[in-house]
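For reference, the chains in residue letters:
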Amino acid sequence: MVSADYGITIERRTDFSVGLELWTGQEHLDLTSWTFTGDLLTSAGAAIRALNVAQTDVDCVVFSLNPTETEALTAQQGFWEVWGVREDGYKFRFIKGRLTII
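Scope of this entry: the structure provided in the associated data block. Numbers given to residues run from 1 along each chain, matching the order in which its sequence is written. A pLDDT threshold of at least 70 governs which residues receive local features in this predicted model, and a stricter bar of 80 or more applies before side-chain atom pairs are shown or counted, although totals over entire chains, interfaces and linings include all residues. Hydrogens and water molecules were not included; the side-chain quantities draw on all heavy atoms of the structure.

Moving on to the nonpolar core. Ranked by internal contacts, the top residues of the largest apolar core, which has 22 residues, are Phe36 and Phe94. In this text, helices come from DSSP runs of H or I with a minimum length of four residues, and strands from runs of E with a minimum of two, each type numbered from the N-terminal end. Broken down by secondary-structure element, the contributors of at least two residues to this core are strand E1 (8-10), strand E2 (16-20), strand E3 (34-42), strand E6 (60-65), strand E7 (76-86) and strand E8 (91-101). With 5 residues, the top contributor of residues to this core is E8. Here, two residues are considered to be in contact whenever any of their heavy atoms come within 4.5 Å of each other. Sequence-distant contacts of Phe36, that is, excluding residues within four places in its chain, are made with Leu20, Leu31, Val53, Val61, Phe63, Val82, Trp83, Gly84 and Phe94. Residues enter a nonpolar core if they are buried and are Ala, Val, Leu, Ile, Met, Phe, Trp, Tyr or Cys, with the set joined through side-chain atoms within 4.5 Å. Each residue is placed in one exposure class: buried if its accessible area under a 1.4 Å probe, protein chains only, is under 20% of its type's maximum, exposed if it is over 50%, and partly exposed if it falls in between.

Below you can see the structure in the form of structure tokens.
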């Protein structure tokens, strides 16, 4: 597998959410055996903050911030990453993409 390069924009003082579903080409992948993290990073790679993570279905994970959390962010360019760890310890970066906070 190869991680996706997916850019996002987060507007301060608003709700933000993005979902992750994996499709094998024939069916959705069951994500219940994975633990996910999502992080916002500066352009130098320093942590800005972690995203909230919620599994909404067996095949969908949502990463979010509420308006209070986005208001605390500083306008900047950076990166975001989504990592998953399977129950057997296998770790994979699903997404690394550009981040714009406005």
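Glancing now at the sheet that holds E2. A sheet is described by the order of its strands in space; here 3 strands give the open sequence E2-E6-E5, paired in antiparallel fashion. Every other strand in the sheet has two partners, leaving E2 and strand E5 (52-57) as the edge strands with one partner each. Shown here is a sheet whose adjacent strand axes are inclined to one another by a mean of 25 degrees, direction ignored. Of the pairings in the sheet, the one linking E2 to E6 comprises 5 bridges and is antiparallel in character. When the bridges of E6 are listed, Val18 appears paired with Phe63. Note: two strands are recorded as paired if DSSP finds a minimum of 2 bridges between them. Only the stretch in contact is used when fitting a helix axis, every axis being a line fitted to C-alpha atoms; angles between N-to-C directions are given from 0 to 180 degrees.

Right, let's talk about the pattern of salt bridges for a bit. Whenever Lys or Arg places a side-chain nitrogen within 4 Å of a carboxyl oxygen from Asp or Glu, that contact is recorded as a salt bridge. Summed over all chains, the structure comprises 3 salt bridges. The shortest N-O distance in the salt bridge between Glu69 and Arg49 comes to 3.5 Å. Of this pair, Glu69 sits in helix H1 (residues 67-71) while Arg49 is found in strand E4 (residues 47-50), placing the two residues 20 residues apart along the sequence. Among the ionic pairs, Glu81 bridges to Arg93, the shortest N-O distance being 3.4 Å. Of this pair, Glu81 sits in strand E7 while Arg93 sits in strand E8, placing them 12 residues apart in sequence. Relative accessible area serves as the criterion here: at 12%, Glu81 is assigned to the buried category.

Below, the discussion takes up the sheet that holds E3. The 5 strands are arranged E1-E8-E7-E3-E4 in an open sheet whose pairing can be described as mixed. Of all the strands in the sheet, the pair left with one neighbour each is E1 and E4. The mean angle between the axes of side-by-side strands here comes to 30 degrees, regardless of whether they run parallel or antiparallel. Direction of pairing for E3 relative to E4: antiparallel, over a ladder of 3 bridges. Within E4, the residue paired with Leu40 across the bridge is Arg49.

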